[in-house]
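Here is what each chain is made of, one letter per residue.
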Amino acid sequence: MFYYEQISLVDKCIYVKKEWRGRDLGQRLLAYGIQKAKEQGFDELYLATKLEDYYEKYGCDYMKDGYSIEGKK
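Now for a quick tour of the structure.

Thresholds, definitions, all that
- Residues numbered from 1 in each chain as written.
- Predicted model: local features only at pLDDT ≥ 70, side-chain atom pairs only at ≥ 80, totals over all residues.
- Heavy atoms only, no water.
- Helix = DSSP H or I, 4+ residues; strand = E, 2+ residues; numbered from the N terminus.
- Buried < 20%, exposed > 50% of the residue type's maximum accessible area, 1.4 Å probe, protein only.
- Areas by Shrake-Rupley, 256 points an atom, 1.4 Å probe, with all protein chains shown as cover.
- Patch = residues over 30% accessible without salt bridge, like charges linked within 9 Å, V, L, I, M, F, W, Y side chains within 5 Å.
- Salt bridge = Lys/Arg side-chain N within 4 Å of Asp/Glu carboxyl O.
- Expected span 1.5 Å × (residues − 1).
- Arc of directions from axis to C-beta.
- Phe/Tyr/Trp six-rings, centres within 6.5 Å; stacked < 30°, edge-to-face > 60°.

Attention shifts here to the overall build of the protein. Within the protein, the regular secondary structure consists of one helix and two strands. The proportion of buried residues among the 73 residues of the protein is 14%. Working note: accessible area of the protein is about 6800 Å², and carbon and sulfur atoms make up 51% of it.

A few words now on a nonpolar patch on the surface. A grouping of Phe-42, Leu-45 and Leu-47 is seen on the molecular surface, where their side chains present a nonpolar patch of about 280 Å² in accessible area. Residue position: Leu-45 is located in the segment after helix H1 (25-39). Given a relative accessible area of 43%, Leu-45 falls into the partly exposed group.

Its 15 residues place the ends of H1 21 Å apart at the C-alpha level, agreeing with the 21 Å of an ideal helix rising 1.5 Å per residue. Those residues of H1 that fall on the buried side of the exposure criterion are Leu-25, Leu-29, Leu-30 and Ala-37. Projected down its long axis, H1 carries its buried residues within an arc of 130°, all on one side. Directly beyond the C-terminal end of H1, a positive phi value near 95° is found at Gly-41.

Turning our eyes to something else, we now look at unusual backbone geometry. The phi dihedral of Asp-24 falls on the positive side, at around 65°, and the residue is not glycine. Structurally, Asp-24 can be placed in the loop between strand E2 (13-16) and H1. Phi at Asp-53 is positive, roughly 60°, even though this residue is not glycine. Of note, Asp-53 is situated in the segment after H1.

Bringing the packing of aromatic side chains into the picture now. Going through the model one piece at a time under the given rule, you end up with two aromatic pairs. A centroid spacing of 5.4 Å and a plane angle of 70° characterise the contact between Tyr-54 and Tyr-58, whose relative ring orientation is edge-to-face. Owing to a relative accessible area of 18%, Tyr-54 belongs among the buried residues under this scheme. Clustering of aromatic rings is evident, with ring pairs tying together Tyr-54, Tyr-55 and Tyr-58.

Written out as C-alpha cells, the structure reads:
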C-alpha cells in the first residue's frame, strides 16, 4: 500500500519523494501500475525517467531519448 506522504503526482507524473527513496517503493509502484494497466486492457505503456537504465532493470525496453514535461531534451 502507498500513502500520499510517500509519493507525489505532478503533471501526470508519479515519483517517490527523496526522503522515501531506497525502500523499493518505486519498484512496487511500477509493478502495481503495470498490473492495473493490464487489468484495464492496456497492452502497452510508455514510461519516462531521467535515470539511466531504470526501467530496463524491470524488463522494459529502451526506445529513445525524449523530452521532459518542461519540454527540455
